[in-house]
Amino acid sequence: MADTTETPGIAVQSGMSNDLLERLRRSSEYVVIPLLALVFSGVLFSVFLFALGKSPAEFFSHVWRGGFGTSFSWQNTLVRAAPLIFTALCVAIPARLGLVIIGGEGALVLGGFASAAIAIPMIGWMPGLPMLAIMAFAGMVAGAIWIGCVGALRHYRGVNETIASLLMFYIAVSILNFFVEGALRDPSDPNKPSTKPIGSENMIGVIPGTDVHWGLLVGVLLCGVLYLVMNRTTFGFAAQIAGGNLRAAQAQGLPVGRLMVVSCAIAGACAGLAGFFEVAAIHGKANASLIAGYGFTGILVSFLARHNPLVIVPVAIFLGGIAASGGLVQRRMDLPDATVLVLQGLLFLVILVSETFYGRLSIFKSKGAAQ
Amino acid sequence: MSVALETGSGSRAIGVETVGMTKAFGNLVALDDVSIRVTPGSFHALLGENGAGKSTLVKCMMGFYQPTSGAMLVNGEEADVPNPRAAHAHGIGMVYQHFTLVPSLTAAENLVIARTDAPRVIDWKAERRALSAFLETTPFKVPLDVPVSGLSAGEKQKLEILKQLYLDQRFLILDEPTSVLTPDEADEVLGLLRAMTEAGDLTILMITHKFREVTAYADDVTVLRRGRVVGSGRVRDLSVEDMSRMMIGETEIRESAERTAHQQAALKLELAGLFADDDEELPAIEAISLKVHAGEILGIAGVSGNGQSELIEVLSGQRMLKDGRIFIGKEPYEPERGQMDAFKVFGFSEEPLKNVAVPRMSVAENMAFRTFDKAPISPFRGWLSPPPMRRQARDLIAAYRVKTPSTEEPIENLSGGNVQRAILARELSGDVDILIVANPCFGLDFASVAEIRAQIMDQRNRGAAILLVSEDLDEILELADTVAVMSEGRITYQSPMAETDRATIGHAMAGHH
C-alpha cells in the first residue's frame, strides 16, 4: 500500500544479525508445521485404532520398542532406512524444479537388475571391489537413464512427469521379470526366478560392530553432497529459479531443459544406487524381492523432509523404524501387517494437506513486510 | 437528505451516497470515513492511485464487502447491501475491468441468461422481440446474433453496459472501463454514457486514473488517497494540476528525465521477419521487422492482446520463434544466457512476480539472477557463495531505495512498486546495451511510475537501445523516440514521434491505417 520512497534506504540499517534472525524465523515454519502434521496424523491413527478396539498407547509403545527400543531394533531400522534415503533423494532433487517424480521404485528395480546383470559375466574371476564398483556404476546409469527419460519427456514433449514416472515403474517391473524369468534366470534356483547370485564373497559387508551394511553411510554422505549441490552451487540455484517460476528462468536465459533432464538423471541415479545396495548387500541377486515399496515410501520421506536432503536422513530413519516395528505390532497386538501402511498413508495425506499452510500463518511472518 | 428531492421530473437515474464508510482488514484500514455523494443523473469520477481504496469503496457499495462502519443511502434512504444481489435490487450495477460475458454465446443469449428471473424454458421469439424493443431505448448498438468471441473489445464493453441497462440498473459503477479500448472506442462509449446521464436516464460512478477522461466526461470528482477522501468538487472548477496534487499528496515525484539529443546512432537491435504462434498454436505475431538504434526508445503501442506479449516472450526466450531472425549489431542473437551477457541484453515487464521473479525466493536471491554465476557470487566455476549475494543485495536495496524488512524477505511480500524496483535494480545496475521493456508501470503508484520512466530515459541517454511495449499510450507518448503500432500480430504503423500525434496513433491502434 504505502508504496512511496520518503524514507530512502530504510532497509540498509538492518545489518547482518537482523538477516540471520529473519532466516531463523522463516525456517521455524518448516519445523513446526511438519511436526504438527506428525502429531495430527498420530491422533487420526489413534481414532482408527480405537475403532478397531485396540489401544493406541500400546501400539505406539510397540512402535517405539520395535523400531528404536533395543540395539537389535535400531539395526533393523537402519537397514530399512538406507534404501529410503536413496529413494527419497529421487523425489527431492526433481522437486527443486517443481517436478513430482513418484516412480523412483522403477529406477530402484532397474538399478538393482542392471547391477546384478552386469555382474554375471564377472562372477568367479573378478575381485570383489572393482566388481562392486562396476555394479554400482551400472545401477546408477540404469536409474539415471530411466528417470532422465521422464525429465526429457516432460521438457520436450510436455508429458506429465508424475504419471510418466509411475507408469514407467510398471515397465521397469516387466523388464525385470522378462529377464529373470527368461534369458538371465538362474536354473539352479527352482523356487523364485532370480539372476545368478553374485556370490557371498563379493557382497558388501556390514559396518563393523553392527548388522547395518555400508549403504547407510553412503546414503548419508550422498545427502550431504546433494545438499551442497542444491544450495551452494550455481546449478542448484538455477534449478531453484526454474522450479519457482519457469518463465523467470527462461527470461534469464537459463537452460531449463538441461536442468530438468540432469536433475532427473541425478534423481534416477540415487534410486538406482538403492537397487544396487539391495542386490549387493541384502539379496545377492536380482529378483522380485526388489519390489518392496521402498521407492514409494521414499516419496513420503521426501515430502515429510520438505525435499531437504539433510532432513531426509532423520526422516528416513523414523519411517524405517515404523516399518521395522510392523512385525512386533503384528505379533503382539494381533493386527495385520498392513496396519503400519495405514499409518504411513494417513501421514502422507496429512503432510500433503499441511503443505497448504505454509505462508498462511502470521506468526512466521516478519512484522516489517510491507503488504 | 436532499438527494431524494432532486429526483423528480420523471428521471429514472438514482443517486447513491456513502456516509462515513470505513473498512478495515485486520490492522489495515483500507477505507477511512469515506463520504461521497453521487447525485442522480451525474457522471462522477473516482480518482486515486492503486491502493488508494477505490476498489474497496465500490466493493462495499456492491455488497462484496461489508463496511466496518458507515452507511449507504440510495435515493436518500438508508440501504442495506449484504450481497451483490441486494445491490442489484437497489438498481446498482457494476461493469468490471475485464469482460464477464460468455464468449461462446451470442449477445442476445448473454443478455437473457444474465436475468435473475430468466425462465427455465426460454421463448426465444418473445425474448427477441423484447430485446429489440429494449435496444430501441438505448443508444448502444451491438450485433445480437454473433457469438461474443467475434466482437471487438469496444463492442464487448458496450454489451457489458447494455447488460446492466437491460437488468434495469440505473446506477452504474465502471471500473476503469476504457483500459481495454482504443482511444476512439473509449471516446465513443464514454460519450454515449455521458449523453444518457444528461438525459437523466443513468447515474455513473467511474473509477479511473486518466485525467483526460475526467475532464472530458465527468461532472464531479472525488479523490481518494490512502483510504481517505482528500478532495472533491465540480470538475470544471478544478485543474488537472489540482487533481493530481490531491492524488499524490506531498510525495516527491521524480522529474521526468531530460531527453538528450543523439546524432546518427548505430543500429543495435534488429528484428527480421519474426513469426511465432500463441499457446493455441495459432499465429500470434507475423512478419515483425523493426530496427532500434543506440540511444533510441522504440515504443510499440497497441490494444492489449494484439501479439505484444508474444513478441516480448519471443525476445526474452519464453516463447519459440517459428521463423525470422534477431540481430544485435549485425550478429545473430538467441535469447540464451551466454548471449544475453555477451550482448548486454536486459529487460523487465509488468507483473514481475509472474514474469521475471520467483515469488518465494528472497529479495537477495531475486536480485542475483543475473549475477549468481559470475564472480564474486560465484568465486569459482559452479560454486555459489551467499555472503557476496547478500552484500550485493544490500547495496542495490540502498541504491534503488527498495523498501524491504531484510534481504531475506520473500520478494512476494513486498508491495508492487518495491518488487518492480528490486527487478529494476537487478536489470539496470549493470552495463546495459539493449533493454526490452513491457508495460513497466502497470498497476504501480505515481512515485514508482515516475521513477521507472526516468530510469528508462536515463538508459536511453546513456546510449542503450530500448524496445518498449506498452498498452498505455501516454507512456509511449512520453518516452518513445519512434512509435510503432501493433495490430493483430503485425506492425501496422511506424513513425518518428516528432511526425505523429495521439489521434493518428489511436486510429492506427483501431486498425485504420
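Residues numbered from 1 in each chain as written. Chains lettered and ligands numbered in written order. Predicted model: local features only at pLDDT ≥ 70, side-chain atom pairs only at ≥ 80, totals over all residues.

Run through the overall build of chain B, naming residues and quoting values.
From N to C terminus, chain B includes 18 helices and 20 strands. Its C-alpha atoms give chain B a radius of gyration of 25 Å, near enough to 24 Å, the size a compact globule of 513 residues would have. In terms of principal-axis extent, the alpha carbons of chain B reach across some 80 × 50 × 45 Å. Within chain B, buried positions represent 48% of all 513 residues. Relative to all contacts within chain B whose residues are 6 or more apart in sequence, the contacts with residues 24 or more apart total 70%. (Helix = DSSP H or I, 4+ residues; strand = E, 2+ residues; numbered from the N terminus. Rg over C-alpha atoms; globule rule 2.2 N^0.38 Å. Buried ≥ 20, exposed ≤ 12 C-beta atoms within 10 Å, placed from the backbone. Contact = placed C-beta atoms within 7 Å.)

Which residues make up the packing of helix H4 (residues 104-119) of chain A against helix H10 (residues 256-283) of chain A, and what are the values?
Residues and elements named next belong to chain A. Viewed as axis vectors pointing N to C, H4 and H10 meet at an angle of 50°, and their least axial separation amounts to 7 Å. Judged by the angle between their axes, H4 and H10 are oblique. You can see that H4 and H10 cross each other, and the crossing is right-handed. Together, Gly 104, Ala 107, Leu 108, Val 109, Leu 110, Gly 111, Gly 112, Ser 115 and Ala 116 of H4 and Gly 268, Ala 271, Gly 272, Leu 273, Ala 274, Gly 275, Phe 276, Glu 278, Val 279 and Ala 280 of H10 make up the contact between the two elements. Here the residues of the contact of H4 with H10 sort into 11 nonpolar, 7 polar and 1 charged. (Axes fitted to C-alpha atoms, helices over the stretch in contact; angles between N-to-C directions. Parallel < 35°, antiparallel > 145°, perpendicular 65-115°, else oblique. Left-handed = near helix turned anticlockwise from the far one by under 90°. Nonpolar A, V, L, I, M, F, W, Y, C, P; charged D, E, K, R; others polar.)

Tell me about the domain arrangement of chain B, and name the residues and values.
Residue and element names in this part refer to chain B. For chain B, the assigned domains are domain 1 (2-100 + 170-248) and domain 2 (267-344 + 431-509). The C-alpha-based centres of domain 1 and domain 2 are spaced at 35 Å. Counting residues at the interface gives 9 residues for domain 1, matched by 11 residues for domain 2. Elements with a contribution of two residues or more to the side of domain 1 that touches domain 2: helix H7 (183-198) and helix H9 (240-248). Considering only residue class, the side of domain 1 that touches domain 2 consists of 4 nonpolar, 3 polar and 2 charged. (Domains from an automatic or database assignment.)

Tell me about the sheet that holds strand E4 (residues 69-74) of chain B, residues and numbers included.
All names here are of chain B. Read across the sheet, 4 strands follow the order E2-E1-E4-E5 without closing on themselves; strand pairing throughout is antiparallel. The sheet is open, and its two borders are formed by strand E2 (28-38) and strand E5 (77-79), each paired with just one other strand. Averaged over all pairs of adjacent strands, the angle between their axes in this sheet comes to 30°, without regard to strand direction. Relative to E5, E4 runs antiparallel, the two being bridged by 3 bridges. If you follow Leu 73 over to E5, its bridge partner there is Glu 78. (Pairing = 2+ DSSP bridges.)

Lay out the nonpolar core in plain terms, naming residues and giving numbers.
Among the nonpolar cores identified, the biggest contains 251 residues, and Ile 85, Leu 89, Ile 147, Cys 270, Ile 312 and Ala 316 of chain A together with Ile 466 of chain B are the most heavily contacted of them. No other element matches the 18 residues that H10 of chain A contributes to this core. Setting aside anything within four residues of it in sequence, one finds Leu 89 of chain A in contact with Leu 222, Cys 223, Leu 226, Ala 267, Cys 270, Pro 309 and Ile 312 of chain A. (Core = buried A, V, L, I, M, F, W, Y, C linked by C-beta atoms within 7 Å.)

Describe the sheet that holds strand E9 (residues 220-225) of chain B, with residues and values.
Residues and elements named next belong to chain B. Here we have 6 strands laid out as an open sheet, ordered E6-E7-E8-E3-E9-E10, and mixed in their pairing. Each end of this open sheet is capped by a strand with a single partner; those strands are strand E6 (92-95) and strand E10 (228-234). When strand polarity is set aside, the average angle formed by the axes of neighbouring strands in this sheet is 20°. Two strands pair when backbone bridges link them, and E9 and E10 are joined in this way by 6 bridges, in the antiparallel orientation. Pairing of Thr 222 across the sheet is with Ser 232, part of E10.

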